[in-house]
Amino acid sequence: MRVVIPKVSVIVPAYNCESYISKCMESILNQTYQNTEVIIINDGSTDRTDEIINIYKQKDQRVKYFYQTNSGPSEARNRGLKESTGNYIVFVDSDDIVDKYYVAILLKKMLSSSSDIACCGYNDVSIYGTSKIIDFNYSTPITKHLFMRMCCYGTGGVLWGKIFKREIIIKNNLELDKNIFMCEDLIFVLQYSAHCSSFSVVNEYLYHYNRFNEGSISSNISINYIDNYVKVWSELENIFDSVNHDKQKTNQILCEKVQEITMFLLEQQSKDIRNIGIKATISNIKKILNTPYVEAYRNYFSSDNYFYKPYIYLLKINSTKLIFIYGAYINLLRSSKRRLLRRG
């Protein structure tokens, strides 16, 4: 009887990553599980990324390299999905690295548990050191609704640290939404999960998440992202409704998501007063307050953070001017504290 060895497609979107791509590629090509194809999508890089990838393409026939004009990470990953031929899919970001057992252990867990998706823990690498994190509770049976809720916290909704069945993706015409440029991976994972029956978690830290890349999109969130987040919240609500998720629990997730971004953007406005001016700052605060999801959930906002409590109260009474004044005051205090620390 002929034994069929599953093929795994490793999809790597790459954009101006000359400082990281070599380590990333080495970690992927040195996997203990060798029946892989490594699909690199160069999303219009202007540095030496192309040159470096071509070196690996010449060295290893498993590397499949594609170039596209800059279209964003969603389009790059979608191209990777279209070019993939493996039975299973894993994603790796070009500035990260993976343990040499990354593919082997995830695939083994997927097969042994007959799961539709399997996840692992990761090492969070930053200026503060390395932390070991697992976003999924592996000690209890994982239902669809529980898994989807866990995806909404921490980094649970990212594409990496997971193995997917290509069959489910193709059958349901799943792809990343190119019109969403933050949390598009969360939406994809939730959409995929909605079509899954079984879920599993590996209690090992197989992915190394690099937080040193300050040029990443997640480090440059601005007021222009508010419309993006409205789309995300709407999609999230629709997906949970499609699987008959408990409405109260859905509202709790949405409330927490809306509060997190609202507070972040309000703080940002106070920091940008000198750059954009008072008029633009007040206009931005009004835009945040008038967002339908903020209007719907702000009365349920809460926090133990003493800096945020006044913000939340002023949000609830819809006071644009007082939010502006309080934000300017807090920013002044923090600036003074930083100056004192530098002098000390």
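Look a little higher up for the structure.
All residue numbers refer to positions counted from 1 along the written sequence of the respective chain. With the structure being a predicted model, the display of local features is reserved for residues of pLDDT at least 70 and the display and counting of side-chain atom pairs for 80 or more, all residues being used for whole-chain, interface and lining totals. Neither water nor hydrogens contribute to the side-chain values; these are computed over all heavy atoms in the structure.

We now examine the overall build of the protein chain. Of the regular secondary structure elements, the protein chain holds 13 helices and nine strands. Over its C-alpha atoms the protein chain spans a radius of gyration of 22 Å, differing by no more than 12% from the 20 Å that the globule rule assigns to 344 residues. Over its C-alpha atoms, taken along the principal directions, the protein chain stretches across nearly 75 × 45 × 40 Å. Burial statistics for the protein chain: of 344 residues in total, 50% are counted as buried. Of all intrachain contacts in the protein chain linking residues separated by at least 6 positions in sequence, the fraction that spans at least 24 positions is 76%. When the accessible surface of the protein chain is totalled, it reaches about 17500 Å², and 50% of it is carbon and sulfur. Only runs of H or I of at least four residues qualify as helices and only runs of E of at least two qualify as strands under DSSP, and these elements are numbered from the N terminus. We compute the radius of gyration over the C-alpha atoms and compare it with the globule rule, which gives 2.2 Å times the number of residues raised to the power 0.38. Between buried and exposed lies partly exposed: a residue is buried under 20% and exposed over 50% of the maximum accessible area for its type, with that area taken using a 1.4 Å probe on protein chains only. Any pair of residues with heavy atoms lying within 4.5 Å of one another is described as a contacting pair. Accessible surface is estimated by sampling points in the Shrake-Rupley manner with a 1.4 Å probe; for residues, cover comes only from the protein chains shown.

Given the number of residues in a helix, its expected span is that number minus one, multiplied by 1.5 Å. Helix length check: helix α8 (residues 226-242) (17 residues) gives 24 Å between terminal C-alpha atoms against 24 Å at 1.5 Å per residue, within 8%. On its buried face, α8 sits against α5 (144-151), α7 (184-193), α9 (247-271), α10 (273-289) and α11 (292-297). Just downstream of α8, Asn244 is the residue with a positive phi angle, here 55°.

Residues enter patches when their relative accessible area tops 30% and they take part in no salt bridge; the joining distance is 9 Å for like charges and 5 Å for the nonpolar side chains Val, Leu, Ile, Met, Phe, Trp and Tyr. Any carboxyl oxygen of Asp or Glu within 4 Å of a side-chain nitrogen of Lys or Arg constitutes a salt bridge here. Nonpolar side chains collect at one region of the surface, where Tyr313, Ile317, Leu322 and Ile325 lie side by side and expose about 400 Å² of accessible area between them. Assignment of secondary structure puts Ile317 in the loop between α12 (308-316) and α13 (320-343). Judged by its relative accessible area of 42%, Ile317 is partly exposed.

A packed helix pair is summarised by two numbers, namely the angle formed by the two axes and the spacing between the axes. Following both chains from N to C, one finds α5 and α7 inclined at 175°, their axes separated by 10 Å at the closest point. Put simply, α5 runs roughly antiparallel to α7. Facing α5, whose interface residues are Lys144, Phe147, Met148 and Cys151, α7 presents Leu186, Val189, Leu190 and Ser193. When the residues that make up the contact of α5 with α7 are grouped by side-chain class, the tally is six nonpolar, one polar and one charged. Think of each axis as a best-fit line through the C-alpha atoms, taken over the contacting stretch in the case of a helix, with angles from 0 to 180 degrees between the N-to-C directions. Any angle that is under 35 degrees is reported as roughly parallel, and any over 145 degrees as roughly antiparallel; angles of 65 to 115 degrees are reported as roughly perpendicular and all others as oblique. Lys, Arg, Asp and Glu make up the charged group, whereas Ala, Val, Leu, Ile, Met, Phe, Trp, Tyr, Cys and Pro make up the nonpolar group; the residues left over, Gly among them, are polar.

On to the side chain of Ser193. Of note, Ser193 is situated in helix α7. The buried category is assigned to Ser193, whose relative accessible area is 0%. Polar contact criterion, stated in full: a pair of N or O atoms within 3.5 Å, where within protein one must be able to donate a hydrogen and the other to accept it, and residues adjacent in sequence count only if both atoms are side-chain atoms. Polar contacts involving the side chain of Ser193 include one to the main-chain carbonyl oxygen of Val189, which spans 2.6 Å. Not counting the four nearest positions on each side in its chain, Ser193 is found in contact with Lys144, Phe147, Met148 and Phe199.

A word on the state of the cysteines. Disulfides are defined as cysteine sulfur pairs within 2.5 Å. With the rule as written, the count across this model stands at zero disulfides. Cys119 supplies the cysteine sulfur nearest to Cys120, a cysteine that is in no disulfide, at a spacing of 7.7 Å. For Cys255, which is in no disulfide, the shortest distance to another cysteine sulfur is to Cys152 and amounts to 14 Å. A residue is classified by how much of its surface remains accessible, and Cys255, at 9% relative accessible area, is buried.

Among all positions in helix α2 (residues 49-59), only Thr49, Ile52, Ile53 and Tyr56 are buried. Projected down its long axis, α2 shows its buried positions confined to an angular sector of 95°, all on one face. Those residues of α2 that are buried lie in contact with β1 (8-14), α1 (21-29), β2 (36-43) and β3 (63-68). By definition, the arc is the one covered by directions from the helix axis to the C-beta atoms.

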